[in-house]
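# Overview (structure and organization)
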Amino acid sequence: MHNVKRNIQTPQALAEKKQREKSKIDEFLALTDDVLSRKKKQEWSDDAFELTQRLLQINPEFYTVWNYRRNILLSGIFPHSTPEQINNLLSDELSLTTTSLKANPKVYWIWNHRRWCLENVPDGPERNGLPSMEWRQANWDKELFVAERMLDADARNFHAWNYRRYVLANMPTRRPEASELAYTSRKIGANFSNFSAWHQRSKTLVGLWESGQLDPIQSRDDEFELVSNALYTDPDDQSAWIYHRWLIGSGEDKSRLEREIQLIFELLQEQPDRCMESLVHYKRLLLQNHSPDSQTLKQECVELLSQLMDLDPVRYFRYQDLKRDLDQ
């Protein structure tokens with residue numbers, strides 16, 4: 001780094017550092033050999049369980065050890081535990097992996113272990129002769145809280161978004177889908193470039209439309225207004241453009257397509273060169289679906305593509321292919 005004084009280490013200090021690193025490596029290798037040896041012998045003891053925790057704290061990507069840890073729980077610990085003890089053990093596992101996630105938020109094996117823990121939580125103590133679902137509901141509610149705190153720390157962590165979708169889909173008591181629309185509104189409002197939030201919004205809207213909970217026509221109008229604000233705020237960001245194309249779809253609604261083309265044309269006047277490709281895309285949809293014989297539309301597309309070939313030489317041959325398609 002600039003303007004930071006470097007401390008020159010003596011040969012003795014370097015040698016001591018190297019020895020410390022070697023000691024850590026030797027300790028890790030010895031621990032790995034011990035754990036894998038116990039796994040091979042199918043040892044399901046508490047000692048083996050403790051050793052897997054030590055090893056995973058050093059290397060949380062060691063998926064073989066995660067598998068071994070689950071087998072110890074299933075074959076060695078759960079059979080001698082009450083449902084309440086199993087619930088407490090799994091709650092401890094979730095707490096352990098929460099700590100790991102803070103340092104390693106994008107390690108698949110940690111997220112997978114959390115799924116396994118949730119799916120094995122007992123229902124809960126009986127109430128009036130029936131399972132109460134108290135333990136399951138409490139753990140799943142807490143898990144949704146954890147996932148949302150992860151997204152507060154990094155709103156574009158797609159691991160956390162995928163996991164949050166999994167939690168919402170499997171909670172014993174589901175949250176209303178309308179609340180999910182409000183959640184994505186908050187995330188998008190905080191950062192228009194949050195692609196994961198736009199993606200989650202599209203999935204939520206499809207569910208609401210298919211279930212009849214939301215009017216597709218009115219809600220689409222609202223969505224176009226929302227995404228238009230994003231496009232005008234940051235026309236360089238691709239997240240809003242991708243969502244906009246999802247809303248347009250195949251371009252079957254001619255009046256909508258023409259309105260959006262006009263909007264993008266106006267944006268192009270304010271922000272030259274920034275939305276030209278989308279304008280070509282929508283004009284081509286209009287040409288293909290509604291005005292196949294329009295020479296004016298075709299010529300407009302050709303002129304825009306010619307400009308793009310000059311402005312964006314990296315994609316020169318893509319634009320050339322599109323022009324060739326128009327000539328056919």
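The structure reproduced in this document is the subject of the present report. (Residues numbered from 1 in each chain as written. Predicted model: local features only at pLDDT ≥ 70, side-chain atom pairs only at ≥ 80, totals over all residues. Heavy atoms only, no water.)

Here we take up the overall build of the protein chain. Tallying secondary structure elements over the protein chain gives 15 helices and 2 strands in all. Against the compact-globule benchmark of 20 Å for 328 residues, the protein chain has a radius of gyration of 28 Å, which places it well outside the compact range. Structurally, the protein chain occupies a C-alpha span of about 80 × 75 × 40 Å along its principal axes. For the protein chain, the residues scored as buried account for 41% of the 328 residues in total. In the protein chain, 57% of the contacts between residues at least 6 apart in sequence involve partners at least 24 apart. Summed over its atoms, the accessible surface of the protein chain is roughly 19200 Å², and 50% of this surface lies on carbon and sulfur atoms. The average position of the 44 basic charges and that of the 50 acidic charges among the side chains of the protein chain differ by 6 Å. (Helix = DSSP H or I, 4+ residues; strand = E, 2+ residues; numbered from the N terminus. Rg over C-alpha atoms; globule rule 2.2 N^0.38 Å. Buried < 20%, exposed > 50% of the residue type's maximum accessible area, 1.4 Å probe, protein only. Contact = heavy atoms within 4.5 Å. Areas by Shrake-Rupley, 256 points an atom, 1.4 Å probe, with all protein chains shown as cover. Lys, Arg positive; Asp, Glu negative; His and termini not counted. Charge placed at Lys NZ, Arg CZ, Asp CG, Glu CD.)

In protein chemistry, a disulfide is the covalent bond that joins the sulfur atoms of two cysteines. Summed over the entire model, instances satisfying the criterion amount to 0 disulfides. The structure places no disulfide on Cys301, whose sulfur is separated from the nearest cysteine sulfur, that of Cys275, by 14 Å. On the accessibility criterion, Cys301 (0% relative accessible area) is buried. (Disulfide = S-S within 2.5 Å.)

What follows deals with a nonpolar patch on the surface. Together, Tyr63, Tyr108, Trp109 and Phe158 make up a nonpolar patch on the protein surface, roughly 440 Å² of accessible area in all. With respect to the helices and strands, Tyr108 occurs in helix 5 (residues 108–119). (Patch = residues over 30% accessible without salt bridge, like charges linked within 9 Å, V, L, I, M, F, W, Y side chains within 5 Å. Salt bridge = Lys/Arg side-chain N within 4 Å of Asp/Glu carboxyl O.)

The next point concerns the packing of helix 5 against helix 6 (residues 134–153). The geometry of helix 5 relative to helix 6 is characterised by a closest axis approach of 10 Å and an angle of 160° between their N-to-C directions. On the basis of their axis angle, the class for helix 5 and helix 6 is roughly antiparallel. The crossing of helix 5 and helix 6 is left-handed. Here Trp111, Arg114, Leu118 and Glu119 of helix 5 lie close against helix 6, whose contacting residues are Arg136, Asn139, Trp140, Glu143, Val146 and Met150. (Axes fitted to C-alpha atoms, helices over the stretch in contact; angles between N-to-C directions. Parallel < 35°, antiparallel > 145°, perpendicular 65-115°, else oblique. Left-handed = near helix turned anticlockwise from the far one by under 90°.)

Another aspect to go through is the side chain of Arg165. Positionally, Arg165 belongs in helix 7 (residues 158–170). Summary of buried charges: Arg165 has no salt-bridge partner, and the nearest side chain of opposite charge, Glu180, is 6.8 Å away. Apart from the residues within four sequence positions on either side, Arg165 is in contact with His199, Gln200 and Lys203.

Residues three or four positions apart in an α-helix share a direction because the helix packs 3.6 residues into each turn. When the terminal C-alpha atoms of helix 10 (residues 216–233) are compared, their 25 Å separation across 18 residues agrees well with the 26 Å that a helix rising 1.5 Å per residue should span. Listed as buried for helix 10 are Ser219, Glu223, Phe224, Val227, Ser228, Ala230 and Leu231. Contacts from the buried residues of helix 10 go to helix 9 (195–210), helix 11 (238–248) and helix 12 (254–270). (Expected span 1.5 Å × (residues − 1).)

Taken as a whole, this structure holds 20 salt bridges when the rule is applied. Where Asp152 meets Lys187, a salt bridge forms, and the shortest distance between an N and an O atom there is 2.9 Å. Of the two residues, Asp152 sits in helix 6 while Lys187 sits in helix 8 (residues 177–190), which places them 35 residues apart along the sequence. A salt bridge links Glu260 to Arg256, with the shortest nitrogen-to-oxygen separation between them at 3.2 Å.

Applying the stated criterion to the full structure yields 11 aromatic pairs. Between the aromatic rings of Trp209 and Trp246, the centroid separation amounts to 5.9 Å while the plane-to-plane angle is 5°, which identifies the pairing as stacked. With Trp209 in helix 9 and Trp246 in helix 11, this residue pair connects regions lying 37 residues apart in the sequence. Their ring planes at 85° and their centres at 5.3 Å tell us that Tyr316 and Phe317 sit as a pair that is edge-to-face. Relative accessible area serves as the criterion here: at 31%, Tyr316 is assigned to the partly exposed category. Of the aromatic side chains, those joined through ring pairs into one cluster are Trp111, Trp140, Tyr163 and Tyr166. The lysine or arginine in question, Arg149, covers the ring of Phe145, its NZ or CZ lying 4.6 Å from the ring centre. (Phe/Tyr/Trp six-rings, centres within 6.5 Å; stacked < 30°, edge-to-face > 60°. Lys NZ or Arg CZ within 6 Å of the ring centre and 35° of its normal.)

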